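Geometric and topological summary
Below, each chain spelled out in residue letters.
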Amino acid sequence: MSTSDKNNKDNHQNKKDKKIDKKPHVLDRTLQRSEEARTVRKIVTIVLVLITLAIVSGGVTGYLYIKSALEPVNPDDETTTSIEIPLGSSTSQIANILEENGIIKDPRVYRFYIKFNNAGQFQAGEYQLSPSMTLGEITDALQTGRVYKEPVLTVTIPEGKTIEQIADLYAEKADVDKEAFLARVEDKTFIRQLIDAYPTILSEEILNEDIRTPLEGYLYAATYQFYEENPSVDTIINKMLDKTEDVVLNYYDQISQMEEWTVHDAITMASLVENEARTEEDRKIIAGVFYNRLEQGMMLQTDPTVLYALGEHRDRVLYEYLEIESPYNTYQITGLPVGPISNFNENSLRAVIEPEETNYMYFVAANDGNIYYSETYEKHQELVARYLNRDAVEAE
């Protein structure tokens, strides 16, 4: 073999060796990438499993808690306790009494149990109850009790009343010190305690510095019975808030589904509707008018807010009153006033939740007691000229 041939053979062998040498490196990189992919898949799988377990765990925890709250406190403890349910007790009060006496585990769960089962018409009386009783047995017992005590005082609070008017009624009917009542509803420490006690209806919104009285609108219109001659202001306020909570809970889910609206907003609107109409039909239509105006970015221009901003009782609204600068005056602001202007009746709140859908943009509460609606400003002006005194205005 010549030298040239030998050299060519060696070069060919070297190239072949290099190709052979490169294969392990390529294989190593392929294996490495494959291993990394498997590692990433494992990590992703583990994270997804952990997230799923966390979600399931939270759901399971909530389910187990509610399931436990629906069961007897102690199935083996048949010791009975004498429990008194006063006349006029709300479901919230009854649930709290039962929880305080160790008969149920959670008053909130019991209230929803009552609502879900359409239970009601509980009787005041004295009951012998035990921790071994089911919620069904307890509920049945509460519907068959006997009245053991007659109320000492009965006070009726009409709808559409302000805090000051309510204080006047309690001063007249229950000999309550009006100034003490008004001072208590302004006590910020007390108000914060109430916010903690009634989180479904009260919020930090009522502490807005522009709100005249924090509890305005939240003391429900109803007849209240008391079993002591001189009920404290705190007793009165708590009893009235219990009633408000009972009513609002019936609509709580619907309010929660209202876009960007809070319970405070719903009660504020209900107070406006309350002061504009007396029939359920008109309240639904007026609520619809208010929504139409809000959607168009128009001022609500409702006279009762002017009178509230004025702070004095007037039989009619003069044009000069419309210029009052106030977060309550809907002739000066767009949207809802900063808070309610009075208490309300349930059908006013229902009208806010279930308004009548119309194309009306205006209404006139006429001097003849009727309400006239219109879709255009021109028609509205005709109705104002026809039905109202030219020196005064009514709600638009």
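Residues numbered from 1 in each chain as written. Predicted model: local features only at pLDDT ≥ 70, side-chain atom pairs only at ≥ 80, totals over all residues. Heavy atoms only, no water.

1. Comments concerning the packing of helix α2 (residues 91-100) against helix α8 (residues 233-249)
α8 packs onto α2 with a crossing angle of 110° between their chain directions and a minimal axis gap of 8 Å. Relative to α8, the element α2 is oriented roughly perpendicular. Across the interface between the two elements, Thr 91, Ser 92 and Gln 93 of α2 pack against Lys 239, Asp 242, Glu 245 and Asp 246 of α8. Here the residues of the contact of α2 with α8 are counted per class, giving no nonpolar, three polar and four charged. (Axes fitted to C-alpha atoms, helices over the stretch in contact; angles between N-to-C directions. Helix = DSSP H or I, 4+ residues; strand = E, 2+ residues; numbered from the N terminus. Parallel < 35°, antiparallel > 145°, perpendicular 65-115°, else oblique. Contact = heavy atoms within 4.5 Å. Nonpolar A, V, L, I, M, F, W, Y, C, P; charged D, E, K, R; others polar.)

2. Side note on the pattern of salt bridges
Evaluated as defined, the whole model comprises 12 salt bridges. The network of salt bridges with shared partners includes Glu 164, Asp 168 and Lys 178. (Salt bridge = Lys/Arg side-chain N within 4 Å of Asp/Glu carboxyl O.)

3. Quick notes on a nonpolar patch on the surface
Taken together, the side chains of Tyr 65, Ile 66 and Leu 70 make up a nonpolar region of the molecular surface, amounting to roughly 280 Å² of accessible area. Looking at the element boundaries, Tyr 65 is found in helix α1 (residues 3-69). Taking the relative accessible area as the measure of exposure, Tyr 65 reaches 46% and is therefore partly exposed. (Patch = residues over 30% accessible without salt bridge, like charges linked within 9 Å, V, L, I, M, F, W, Y side chains within 5 Å. Areas by Shrake-Rupley, 256 points an atom, 1.4 Å probe, with all protein chains shown as cover. Buried < 20%, exposed > 50% of the residue type's maximum accessible area, 1.4 Å probe, protein only.)

4. Let's talk about helix α3 (residues 107-116)
Of the residues making up α3, those classed as buried are Pro 107, Val 109, Tyr 110, Arg 111 and Ile 114. The N-cap of α3, judged by a side-chain oxygen 2.8 Å from the amide nitrogen of Arg 108 a few residues on, is Asp 106. Phi turns positive one or two residues past the end of α3, at Asn 118, with a value near 55°. (Polar contact = N/O pair within 3.5 Å; in protein donor to acceptor, adjacent residues only side chain to side chain.)

5. What to know about the UniProt feature "site: Important for catalytic activity" (unreviewed entry) in the protein
Per the UniProt record, the feature "site: Important for catalytic activity" (unreviewed entry) sits at Glu 276. Position of Glu 276 relative to the elements: it lies in helix α10 (residues 263-276). The class for Glu 276 is buried, based on a relative accessible area of 8%. (UniProt positions renumbered as here; feature names shortened; annotations may be inferred.)

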